[in-house]
Amino acid sequence: PLTLEEVRMLVELFYLPYHHGALAQELLEHFRWLRANSLSVGVPATAPDACGGKRWRGRAQSFQLLCARTCRLHSRLVSTAGRALLYDLHPYLWDIRNMLLAACAFVLWLGCQSITAPILLGRDAEPWARRGGLFGELQALLPVGNSCDLFYHPPPLFPSSQLYVLRPLLPLDKLGHEGGGCSEVSQGLQSWLSRAPALPGRLLGSFLSLSPEYTFVLEDEGGPCGYAAGALHAEGFLQQRDSSWLPAIRHKYPPELGTGGPALGQDALEEAVLFFHAEPLAVPQPVLRRFPSLVQLGTAPRVLDVGASRSLALCLLSALRANGSRGVFCQVSDTDRQQLSFYSKLG
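All figures in this text were calculated on a predicted structure; none of them were measured in a lab.

### Let's talk about the overall build of the protein chain
A count of helical and extended segments in the protein chain gives 13 helices and five strands. Counting over 347 residues, the protein chain shows a buried share of 48%. Per element, the accessible surface of the protein chain, about 17,600 Å² overall, is 59% carbon and sulfur.

Structure representation (C-alpha cells):
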C-alpha cells in the first residue's frame, strides 16, 4: 500500500483552492527561480560570478528530484490504490505528472544552454485560459503556457504505472550517429526507428546532425521509446540538409546498394535507398514565413500513454518558443496513417 509519506505528498499536491501544500510550493519556487535565473547557466567556471551557475545547477538538481518523486507517486498510485480511489484521483495526478515531465526536461534544456540565454517570451492570458492549482501555475511558467489547447487531453481509460524519463539529447547520445562509437540511446532509437515509417525514421538523422540542441529523448524501463526534434530556423535548416547532409547520406548509400542487400531485407533496403536519392519536396515560402520552425515527433508502438507524447511536444515547443519561435509546422506524408494518427491524438 501507499506509505504515509506518499499520502502526504498526494495531499500537498492538491491541498486547498489558492493554497498549496509544502511539496507543491517547493516545486513552484524552484521552477520560478530557475526560469528567472537561467542567465547564470552560461557563466564560465573561471568567471568571478561562477558561483551563480553552481547554485543554479544545485537548484535544478533539487527540482529534478522532486519531479522524479512525483512521477514515482503516480506510478505507485496506479499500482497500489483501490480501483475506486484510483479512478477518482488518477486524472489529476496524471496531469501533474505530464506537466512535470515537460517542466523537468525544459529545466534540463536550460542547463544545456552554454553560450546565450533563452529569451523567455510571455504575455498575460485570459483568466479562463488556465486551470487553477499547481497544474495551472506550472502551465503559466512554460513559454507555451498560453497555448491552451496543448494542455487539455482526456486521461487514458486504463491507467499505466509505467515510469518515463524525458530529457534533452546529450553529447554522448550522439556517438552512434556521429560514428565515434554507439551509445545505448543511439542504439535504442535506431532499433525502433528502423521499423518506423519512411519520413520520421529516415530524416531524424538530419536533426541529430544539424539541430541537436532542439532534440529530446523519452525513455521508459526498456530504453529509448520516443523523440521530439526541432529546427528553430527551418529555412536555413532545410537548405543545409539538402546541400550537405543529404549528399553525404547519398554518398554513403549509393543507388546500387539497393540491389544487393538480402541480409537487411531487399524491399526495405531498396525503399530506403530510393528515399534518400529522391528530391525532397520544397516547403512553400508562405508556410516558412508564418511558421518559421520545423518539428518532428514520434514514439515507439509500446508507448500507449498519450500523456508522455504530450509532454514531448510541450518541452520541444517550449524550447523553440523560448528562443523566439512564433510558429511551427511538421512534414507528414498523406499516406503515413501512423504519423497522421499520432499528431491527431496530440491535437
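That shown, we press on.
### Describing the sheet that holds strand β5 (residues 328-329)
The sheet built from five strands is open, its strands ordered β1-β2-β3-β4-β5 with mixed pairing. Of all strands in the sheet, those bounded by a partner on one side alone are β1 (165-168) and β5. Sitting on the sheet, helix α4 (residues 83-112) touches β1 and β2 (215-220), and the angle it makes with β1 is about 25 degrees. Taken strand by strand, helix α12 (residues 306-322) contacts β1, β2, β3 (223-231), β4 (293-299) and β5, and its axis lies near 160 degrees from that of β4.

### Here's the deal with the packing of helix α2 (residues 22-36) against α4
The interhelical angle for the contact between α2 and α4, taken along N-to-C directions, is 30 degrees, at an axis separation of 11 Å. Between α2 and α4 lies a crossing whose hand is left-handed. Across the interface between the two elements, L27, F31, L34 and R35 of α2 pack against L100, A103, F106, V107 and L110 of α4. Tallied by class, the residues present in the contact of α2 with α4 amount to eight nonpolar, no polar and one charged.

### With respect to the side chain of S318
Mapped onto the elements, S318 comes out in helix α12. Excluding anything up to four places from it in sequence, S318 contacts F106, L142, P143 and V144.

### Here's the deal with the packing of aromatic side chains
Counted by the stated rule, this structure contains six aromatic pairs. Taking the centre distance of 6.3 Å and the plane angle of 65 degrees together, the rings of F14 and Y92 count as edge-to-face. Of this pair, F14 sits in the loop between α1 (4-13) and α2 while Y92 sits in helix α4, placing them 78 residues apart in sequence. Accessibility expressed as a relative area gives 51% for Y92, which makes it exposed. Ring centres of F342 and Y343 lie 5.5 Å apart, and the angle between their planes is 75 degrees; on these two criteria the pair is classed as edge-to-face. For the pair F342 and Y343, one class covers both residues: buried. Put simply, the rings of F106, W109 and Y214 pair up and form one aromatic cluster.

### With respect to the environment of D242
Inspection of the secondary structure assignment puts D242 in helix α9 (residues 234-252). Spatially, the C-alpha atom of D242 lies 8.0 Å from that of P280, the residues being 38 residues apart in sequence. Discounting chain neighbours no more than four positions away, the residues touching D242 are P247 and P280. A polar side-chain atom of D242 sits 3.0 Å from a polar atom in the side chain of R241.

### Brief notes about the pairing of β4
Burial analysis of β4 places seven of its seven residues in the buried class, the great majority of the element. Examined bridge by bridge, β3 and β4 share six bridges and lie antiparallel to one another. Directly across from A228, in β4, lies its bridge partner L297. Note on the crossover from β4 through α12 to β5: the handedness is right-handed.

### Comments concerning the pattern of salt bridges
Using the criterion set out here, one finds nine salt bridges in the structure. R310 is paired through a salt bridge with D95; the nearest N and O atoms lie 3.2 Å apart. With R310 in helix α12 and D95 in helix α4, this residue pair connects regions lying 215 residues apart in the sequence. A relative accessible area of 8% means that D95 is categorised as buried. Overlapping salt bridges, with partners in common, bring together E5, R8 and R69 in one network.

### Describing a nonpolar patch on the surface
A cluster of nonpolar side chains, namely V7, V11, Y15 and L16, defines an oily patch on the protein surface of about 350 Å² accessible area. Accessibility expressed as a relative area gives 37% for V7, which makes it partly exposed.

### Some remarks on the nonpolar core
Formed by 67 residues in total, the largest nonpolar core has its most connected members in L27, F31, F216 and L297. Looking at this core, the element that brings in the most residues is α4, giving 14 residues. Two domains share this core, each providing at least three of its residues, namely domain 1 (1-161) and domain 2 (169-346). By size, the runner-up hydrophobic cluster in this structure holds 15 residues, among which are Y227, A231, V283 and F329.

### Re the state of the cysteines
The full count for this structure, using the stated rule, is zero disulfides. Cysteine C71 is unpaired, with the sulfur of C67 as its nearest cysteine sulfur at 6.7 Å.

### Description of the confidence of the model for the protein chain
Confidence in the prediction for the protein chain averages 81 pLDDT; 77% of positions are at 70 or higher. This model gives residues 42-48 a pLDDT under 50, and the stretch forms six contacts once residues within four places in sequence are excluded. This model gives residues 176-182 a pLDDT under 50, and the stretch forms 15 contacts once residues within four places in sequence are excluded.

### Some details on helix α5 (residues 133-141)
Regarding α5, the residues found buried are L134, F135, G136, L138, Q139 and L141. On its buried face, α5 is in contact with α1, α2, α4 and α12.

What counts as what
- Residues numbered from 1 in each chain as written.
- Predicted model: local features only at pLDDT ≥ 70, side-chain atom pairs only at ≥ 80, totals over all residues.
- Heavy atoms only, no water.
- Helix = DSSP H or I, 4+ residues; strand = E, 2+ residues; numbered from the N terminus.
- Buried < 20%, exposed > 50% of the residue type's maximum accessible area, 1.4 Å probe, protein only.
- Areas by Shrake-Rupley, 256 points an atom, 1.4 Å probe, with all protein chains shown as cover.
- Pairing = 2+ DSSP bridges.
- Contact = heavy atoms within 4.5 Å.
- Axes fitted to C-alpha atoms, helices over the stretch in contact; angles between N-to-C directions.
- Left-handed = near helix turned anticlockwise from the far one by under 90°.
- Nonpolar A, V, L, I, M, F, W, Y, C, P; charged D, E, K, R; others polar.
- Phe/Tyr/Trp six-rings, centres within 6.5 Å; stacked < 30°, edge-to-face > 60°.
- Polar contact = N/O pair within 3.5 Å; in protein donor to acceptor, adjacent residues only side chain to side chain.
- Right-handed = clockwise from strand over helix to strand, strands pointing away.
- Salt bridge = Lys/Arg side-chain N within 4 Å of Asp/Glu carboxyl O.
- Patch = residues over 30% accessible without salt bridge, like charges linked within 9 Å, V, L, I, M, F, W, Y side chains within 5 Å.
- Core = buried A, V, L, I, M, F, W, Y, C linked by side-chain atoms within 4.5 Å.
- Domains from an automatic or database assignment.
- Disulfide = S-S within 2.5 Å.
- pLDDT = per-residue confidence, 0-100.

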